[in-house]
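Listed below are the residues making up each chain.
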Amino acid sequence: MAGVEIDLFDSGSNLVASTTTASDGAYLFNGLAADDYTVDIDETTLPTGYTLTTGNEPAAVTLLADDAAFVGANFGYTTTTGGSGGTVLSDTWSLADGVGWDSGLWLSSVVQGGVVDVQGSEGRIGITTGGASLGRAIATMASTADAELLTSFRFSDVSTAARFSVWLRASGDWSSGSDVLPTDGYRITIDNNSPNMRLQVINAGATTNLTSPTSVGEATTTKQWLRMRVEGDTISASVWTDGTTEPATWEITATDTSVASGVLQLGFRRSTGTLVRDLFLDDLVLTDLRSEEHTSELQSH
């Protein structure tokens with residue numbers, strides 16, 4: 001990996017020298033006095049999408065004599081670029097009824113009587129009391145930039161309003177206790193009592209509508225399907241009823257560059273009324289659209 005800036009600090013945290021890596025990732029500092037040094041990578045100079053795999057940055061280096069050699073300050077990085085696609089998350093909620101969602105896949109929480117559990121081999125997010133009752137779940141996956149979600153969903157009731165929210169590129173914990181908002185991400189909302197879907201972006205906690213409400217799917221308790229994709233600066237989605245043909249083109253789409261990467265988050269929230277309502281999910285698959293892995297190493301010489 002070429003062109004990455006490496007900074008060297010002495011025991012007093014003073015910047016001693018900086019260099020950039022060669023085409024093979026090699027770097028070199030010469031003429032150093034005996035001291036305890038810290039080797040630090042300027043992450044702003046890394047190519048987009050690379051993450052550290054060796055867990056040793058910044059690196060501590062001790063030189064016991066002037067001009068002593070040290071060649072162990074090496075750093076490994078990986079990225080995902082332009083592959084054929086790969087599944088990063090899949091869930092069919094095959095656990096026993098009444099237990100929580102698989103903790104190896106999800107981190108869930110509830111507010112005001114919400115519930116997140118398994119019922120009938122489906123993932124349930126239930127709202128069980130009046131007011132702003134809600135349930136929500138974060139996928140415990142690595143952050144990804146370009147991803148596509150396919151999942152089935154169905155509502156137990158289509159009378160007074162409740163809202164299904166799906167986020168891609170989500171990051172940060174939920175910023176509002178009364179809603180299902182991460183700090184950043186792209187959101188699709190689907191109302192149970194109206195065939196409307198809307199795209200939104202939340203950036204640093206501020207929500208902006210990317211589209212107006214668009215009529216898709218049905219206000220029905222019948223099983224439906226959602227496909228949502230975020231790729232580059234384009235966010236798209238379609239909804240169709242189970243047993244019908246998936247739309248040939250995206251039903252809703254927008255462009256935005258505010259959010260670079262993140263994870264999948266799901267939520268279901270009551271808007272009004274006091275009736276118990278459930279959202280059921282099944283056959284969920286999240287695909288990383290940039291799944292081909294590349295590794296690089298920065299090596300001290």
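Quick caveat: nothing in here was measured; it's all calculated off a predicted structure. (Residues numbered from 1 in each chain as written. Predicted model: local features only at pLDDT ≥ 70, side-chain atom pairs only at ≥ 80, totals over all residues. Heavy atoms only, no water.)

Our next topic: the overall build of the protein. The helix and strand tally for the protein stands at 0 helices and 24 strands. Considering only intrachain contacts with a sequence separation of at least 6, the fraction spanning at least 24 residues in the protein is 63%. Counting every atom, the protein has about 13,100 Å² of accessible surface; 48% of that belongs to carbon and sulfur. (Helix = DSSP H or I, 4+ residues; strand = E, 2+ residues; numbered from the N terminus. Contact = heavy atoms within 4.5 Å. Areas by Shrake-Rupley, 256 points an atom, 1.4 Å probe, with all protein chains shown as cover.)

A few words on the nonpolar core. By size, the foremost hydrophobic cluster in this structure holds 44 residues, and its most contacted members are W101, W106, F164, L226, L264 and L266. For W101, the residues in contact, after removing those within four places along its chain, are W93, L95, W106, V116, D117, V118, G123, R124, I125, A137, L266 and L281. Grouped together as the second largest cluster of nonpolar side chains are 15 residues, L32, L46, A59 and F75 included. (Core = buried A, V, L, I, M, F, W, Y, C linked by side-chain atoms within 4.5 Å. Buried < 20%, exposed > 50% of the residue type's maximum accessible area, 1.4 Å probe, protein only.)

Take the pattern of salt bridges next. Once the charged atoms of two side chains with opposite charge are near each other, the side chains can pair. Across all of its chains, the model carries 11 salt bridges by this definition. The salt bridge partner of D117 is R124, with a shortest N-O separation of 2.8 Å. Summarising the burial analysis for this pair, D117 and R124 share the class buried. Within the structure, one salt-bridge network assembled from shared partners comprises E148, R227, R229, E231 and E246. (Salt bridge = Lys/Arg side-chain N within 4 Å of Asp/Glu carboxyl O.)

So, on to unusual backbone geometry. Unusually for a residue other than glycine, W93 sits at a positive phi of about 50 degrees. Among the residues examined, W93 registers a relative accessible area of 2% and is labelled buried. In the Ramachandran plot, D283 falls in the positive-phi region, its phi being about 50 degrees despite a non-glycine side chain. Relative to the helices and strands, D283 is located in strand β23 (residues 277-288).

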